[in-house]
Amino acid sequence: MTSSNSPFGDSRPWAPPRVGLPVEHCEPWELVKHGARAGLLAGLALGVVEIGASFVLRADPWLPFDFATAIIVGPEALAPAFPLAASLRLGLVIHVLLSLVSGVAFVAILALTFQLTARPWLIMIYGMLFGVTVWEVDFLAVLPVIAPKLTGRLDLATQVWNGILSYCLVYGPTLAAYVIRVRPGMLDRWWRVDESEAT
Amino acid sequence: MPSLPPIEFGFPLGIRLTHAFNILFLTLLIRSGIEILGGHPMLYFNDDCRPGSEWIRFTRKRMFRNQRWTAEDEKQAYTPWLALPGRDNLGLGRFWHFVAVLGWLLTGFTYLVVLGLDNQWQRLVPTSWTVFPEAWNAALAYLRLDLPSAGNPYNALQQLTYLAVIFLLTPVQILTGLAMSPALAGRFPGFPRLFGGRQAARSLHFLGLMAFVGFTVHHIALVIAHGFGGGLASIVLGLAAPTAAQQAVAIAIALTFLAALIVLHVWATRQSLQKPRVVQDVLQRIVDPVQTRLLQPLISRQHYSPHDITADPRPNGRPPRHEEYRNLAERGFNGWRFEVGGLVEQPLSLTIDELRTLKMEHQLTLHKCIQGWSYVAAWQGVPLRVLLDRCRPTSSARYILFKTFDEKWEEPGHGDYYGVIDLHLARAPQSLLAYEMNGHPLPVDFGAPLRLRLETQLGYKMVKWIRSMELIADYKDIGAGYGGWRSDLLHYGRIAPI
């Protein structure tokens, strides 16, 4: 954290030694790999839930694909005439890409804030907050800018379920569950009671 | 109720300026707060701070469980890209934090005055209970990815959010920050208990910081959603209905401000790391008068219960290693004499047994380290005022210098550890030279044979392993002249009531 290449100088004459055992390490490639896996898993869970919710609420299981495709193509992707196969392919690619990027971002944020070894309940809260934030940033901030015609196109029930709840209760918690299960970067649990260490 | 006149969405100059200063001081507060967190990167809801009982931590290491370590080992140096100034500079981080607090409070008061001068307060304060159903409708509109209709000028959800941030979150941050002051907690021990104790206050202070960060993210997201250019023109230029050109100007000014803010932060960070003494001098001149006037006169009235005593308190600092101290410790400090001299009419030289024959006091208090951790312990010893009555300081004596056995072997070349306190602090209640801790002779790890207890100050002012005490007129010619080893070397404050 104190790279000598930093533009910040340091005139202090000494740096006191610090003892302690490392409990996590930050290996970029490993974190990207696990972030991508977590994102893929969470994206899959989110996709399944959104397809199911669209089927139940609007009798149209493919609406999430149309919506994802419309980010690139525009509102015509929501028209009945738009080819379903194209919508499925493009929508899937966009969904997977965004899921991967968000998964990597989640694990990276945990690593940079030393939270890879956080207590499980805390990581679950991080996951839920991250899910809400992804929804809010993606749909309230980014979408109106890149695809303003897509805003206000869904009824409240679909939007509540396909939007904030599925992100908060499915996508984020799935990311968190992956981190809790796999613990990327974790070397040791700091809250374990263990007297076996050598002195 | 009569309907209120409509408010132009464009903001008056006072609001716009205080908004800009708010950004400046909040960013300084957040970065310096991160530096302070690095001093003890763990948060608790118990004042014992038992290792492993923290609910959250921001460090990649843990301490050995069956090997000696001290609280200083738990520090985490954060990068200067994030913390101000970064690299384990707790002393300067605290100075920056307190200066930013003063600026932020001044900004806040100015903002409130501006709000009250005309009908600007209506932006924030709901005047009808219909604000709640209207806020619910606004929330539903956002959930539909739609924008709720404008209010007067905010919609109800915006109004309630801003109201909560300004009149709820901000006071909570101020109060939880104050609850960590040893002077206030010493004078009003019930105050931190309002929040569940010092550590709970520290945790809530951190959560408040997170709430501010979360609010900022949501605030920016919704400004973008409502129209970034228009929002910026309103808060930068004060225009209610800006043209495209005016929006472009507002964006340019906002970007310039952002660039200036970044330059200021980089400059402050570099100066702090490269010229820490200069920065310490400047910031101390701003902070010290406020602390001296408001907090330093407070006296401690702590009375904890024996049930509150922490079972396994943290030691801090490594005991002296030199031959003289080791020999004395092995003999139970028999043969050691505590010298009291300097500007006194009657110099004293007392053995530990003679100290025990003097009037003794007993107190149960909360030890508060500058790093952030704490513990409750019982202390027994001689009140400083008893010694002062016996040695009779001359009229020119203003400070007390404590010399120690601590040669600071782990950081050689910087002289023995010493501390200076104000004479009036020594005469205050619960200012003690302790020779017992929790009913036993003071352990070596906690400062045997004698340590200072000043219950309105942070732990680093309570010198351990005391060799002698000297009444002095000034401290400028001692060490680097900042009134203590840590103030000289680590840029800690000379006084530590917060």
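Residues numbered from 1 in each chain as written. Chains lettered and ligands numbered in written order. Predicted model: local features only at pLDDT ≥ 70, side-chain atom pairs only at ≥ 80, totals over all residues. Heavy atoms only, no water.

1. Here we look at the overall build of chain B
Logical step 1: A tally of helices and strands in chain B yields 14 helices and 13 strands.
Logical step 2: Taken along the three principal axes of its C-alpha coordinates, chain B extends 85 × 45 × 45 Å.
Logical step 3: Across the 498 residues of chain B, 57% fall into the buried class.
Logical step 4: For chain B, the proportion of contacts with a sequence separation of at least 24, taken over those separated by at least 6, is 73%.
Logical step 5: When the accessible surface of chain B is totalled, it reaches about 20800 Å², and 64% of it is carbon and sulfur. (Helix = DSSP H or I, 4+ residues; strand = E, 2+ residues; numbered from the N terminus. Buried < 20%, exposed > 50% of the residue type's maximum accessible area, 1.4 Å probe, protein only. Contact = heavy atoms within 4.5 Å. Areas by Shrake-Rupley, 256 points an atom, 1.4 Å probe, with all protein chains shown as cover.)

2. Examining the pattern of salt bridges
Residues and elements named next belong to chain B.
Logical step 1: Taken as a whole and judged by the stated rule, the model has 18 salt bridges over all chains.
Logical step 2: Its salt-bridge partner being Glu-436, residue Arg-356 comes within 3.1 Å of it at the nearest N-O pair. Highlighted residues: Arg-356 in helix H11 (residues 352–357) and Glu-436 in strand E10 (residues 431–437), separated in sequence by 80 residues.
Logical step 3: A salt bridge links Arg-385 to Glu-361; its shortest N-O distance comes to 2.5 Å. Remark: Glu-361 occurs in strand E6 (residues 361–368) and Arg-385 occurs in helix H12 (residues 384–391); sequence separation between them is 24 residues. (Salt bridge = Lys/Arg side-chain N within 4 Å of Asp/Glu carboxyl O.)

3. Focus on unusual backbone geometry
Logical step 1: A cis geometry characterises the amide bond from Leu-84 of chain B onward to Pro-85 of chain B, with omega recorded as 0 degrees.
Logical step 2: Structurally, Pro-85 of chain B is set in the loop between strand E3 (61–62) and helix H2 (90–117).
Logical step 3: At Arg-183 of chain A, a position not held by glycine, the phi torsion is positive, near 55 degrees.
Logical step 4: With respect to the helices and strands, Arg-183 of chain A occurs in the segment after helix H5 (156–182).
Logical step 5: Residue Arg-183 of chain A is classed as buried on the basis of its relative accessible area of 11%.
Logical step 6: Positive phi, normally seen in glycine, also occurs at Asp-88 of chain B, with a value near 60 degrees.
Logical step 7: Note that Asp-88 of chain B resides in the loop between E3 and H2.

4. Description of the sheet that holds strand E13 (residues 466–472) of chain B
All names here are of chain B.
Logical step 1: What the five strands build is an open sheet, ordered E5-E4-E13-E8-E9; its pairing is mixed. Both outer strands of the open sheet, strand E5 (348–351) and strand E9 (418–422), are each paired with one neighbouring strand and no more. When the angles between neighbouring strand axes are averaged without regard to direction, this sheet yields 20 degrees.
Logical step 2: With four bridges connecting them, strand E4 (residues 337–342) and E5 associate as antiparallel partners. (Pairing = 2+ DSSP bridges. Axes fitted to C-alpha atoms, helices over the stretch in contact; angles between N-to-C directions.)

5. A word on the packing of helix H1 (residues 13–39) of chain B against helix H8 (residues 244–274) of chain B
What describes two packed helices is the angle between their axes and the distance between those same axes.
All names here are of chain B.
Logical step 1: Relative to each other, H1 and H8 sit at 35 degrees, their axes nearing to 11 Å. Note on packing geometry: the crossing formed by H1 with H8 is right-handed. Together, Ala-20, Ile-23, Leu-24, Thr-27, Leu-28 and Arg-31 of H1 and Phe-257, Leu-261, Leu-264, His-265 and Thr-269 of H8 make up the contact between the two elements.
Logical step 2: Across the contact of H1 with H8, the residue classes tally to seven nonpolar, three polar and one charged. (Left-handed = near helix turned anticlockwise from the far one by under 90°. Nonpolar A, V, L, I, M, F, W, Y, C, P; charged D, E, K, R; others polar.)

6. Things to note about the pairing of E9 of chain B
Logical step 1: Across the five residues of E9 of chain B, five count as buried, placing the element largely inside the fold.
Logical step 2: Residues Tyr-418, Val-420 and Asp-422 of chain B of E9 of chain B are buried on one face, and the alternating residues Gly-419 and Ile-421 of chain B, pointing to the opposite face, are buried as well.

7. Some points on empty space enclosed by the protein
All names here are of chain B.
Logical step 1: The full count for this structure, using the stated rule, is five cavities of 30 Å³ or more.
Logical step 2: Volume-wise, the largest cavity comes out at about 250 Å³.
Logical step 3: Lining the largest cavity are 26 residues, and of these Asn-316, Gly-459, Tyr-460, Lys-464 and Arg-486 lie nearest its centre. (1 Å grid on protein atoms, 1.4 Å probe; cavity = no way out; pocket = protein on both sides within 12 Å on 5 of 7 lines; lining within 4 Å. Points joined across faces, edges and corners; volume = space filled by probe spheres on them.)

8. A closer look at the packing of helix H1 (residues 28–58) of chain A against helix H2 (residues 63–73) of chain A
All names here are of chain A.
Logical step 1: Where H1 meets H2, the axes come as close as 8 Å, and the angle between the chain directions of the two elements is 110 degrees. Classed by the angle they form, the pair H1 and H2 counts as roughly perpendicular. Facing H1, whose interface residues are Glu-50, Ile-51, Ser-54 and Arg-58, H2 presents Leu-63, Pro-64 and Phe-65. (Parallel < 35°, antiparallel > 145°, perpendicular 65-115°, else oblique.)

9. Remarks on H8 of chain B
Residues and elements named next belong to chain B.
Logical step 1: Taking 1.5 Å of rise per residue, 31 residues should cover 45 Å, and H8 covers 45 Å from first to last C-alpha, within 8% of that figure.
Logical step 2: Within H8, burial applies to Ala-250, Ala-254, Leu-261, His-265, Ala-268, Thr-269, Gln-271, Ser-272 and Leu-273.
Logical step 3: Looking at the buried side of H8, the elements it contacts are H1, H2, helix H7 (198–237) and helix H9 (276–294). (Expected span 1.5 Å × (residues − 1).)

10. Things to note about the nonpolar core
Logical step 1: With 69 residues, the main nonpolar core has Phe-338, Leu-355, Leu-387, Phe-402, Leu-433 and Met-469 of chain B as its most contacted residues.
Logical step 2: Among the nonpolar cores identified, the runner-up in size contains 44 residues, and Trp-135, Phe-139 and Val-160 of chain A together with Phe-206 of chain B belong to it. (Core = buried A, V, L, I, M, F, W, Y, C linked by side-chain atoms within 4.5 Å.)

11. A look at the environment of Arg-193 of chain B
Logical step 1: For Arg-193 of chain B, the position within the fold is in helix H6 (residues 190–193).
Logical step 2: Taking the C-alpha atoms as reference points, Arg-193 of chain B and Ala-179 of chain B, separated by 14 residues in sequence, lie 8.6 Å from one another.

12. A few points about the packing of aromatic side chains
All names here are of chain B.
Logical step 1: As enumerated under the stated definition, the model contains 23 aromatic pairs over all chains in all.
Logical step 2: Aromatic ring contacts, followed pair by pair, group Tyr-325, Phe-333, Trp-336, Phe-338 and Phe-405 into a single cluster.
Logical step 3: The lysine or arginine in question, Arg-321, covers the ring of Trp-409, its NZ or CZ lying 3.5 Å from the ring centre. (Phe/Tyr/Trp six-rings, centres within 6.5 Å; stacked < 30°, edge-to-face > 60°. Lys NZ or Arg CZ within 6 Å of the ring centre and 35° of its normal.)

13. Some remarks on a nonpolar patch on the surface
Logical step 1: A contiguous nonpolar surface patch, about 510 Å² in accessible area, is contributed by Val-137, Val-142, Val-145 and Ile-146 of chain A together with Met-210, Val-213 and Val-217 of chain B.
Logical step 2: At the level of secondary structure, the elements contributing two or more residues to the nonpolar patch comprise helix H4 (120–146) of chain A together with H7 of chain B.
Logical step 3: Looking at the nonpolar patch, the element that brings in the most residues is H4 of chain A, giving four residues.
Logical step 4: Residue placement: Ile-146 of chain A occurs in helix H4. (Patch = residues over 30% accessible without salt bridge, like charges linked within 9 Å, V, L, I, M, F, W, Y side chains within 5 Å.)

14. Description of the side chain of Arg-202 of chain B
Residue and element names in this part refer to chain B.
Logical step 1: Among the structural elements, Arg-202 can be located in helix H7.
Logical step 2: One buried charged residue, Arg-202, forms no salt bridge at all, with the nearest opposite charge on Asp-47 at 9.3 Å.
Logical step 3: Residues within four places of Arg-202 in sequence aside, it is in contact with Leu-37, His-40, Met-42, Leu-43, Met-180, Gln-371 and Gly-372. (Lys, Arg positive; Asp, Glu negative; His and termini not counted.)

15. What about the environment of Leu-13 of chain B?
Logical step 1: Secondary-structure assignment places Leu-13 of chain B in helix H1.
Logical step 2: On a C-alpha basis, the gap between Leu-13 of chain B and Pro-347 of chain B in space is 64 Å, while along the polypeptide they are 334 residues apart.

16. Side note on the state of the cysteines
Residues and elements named next belong to chain B.
Logical step 1: All told, the structure shown has zero disulfides over all chains when counted by the stated rule.
Logical step 2: Residue Cys-49 stays outside any disulfide, its sulfur separated by 9.6 Å from that of Cys-369, the closest cysteine.
Logical step 3: Residue classification places Cys-49 among the buried residues on the basis of a relative accessible area of 0%. (Disulfide = S-S within 2.5 Å.)

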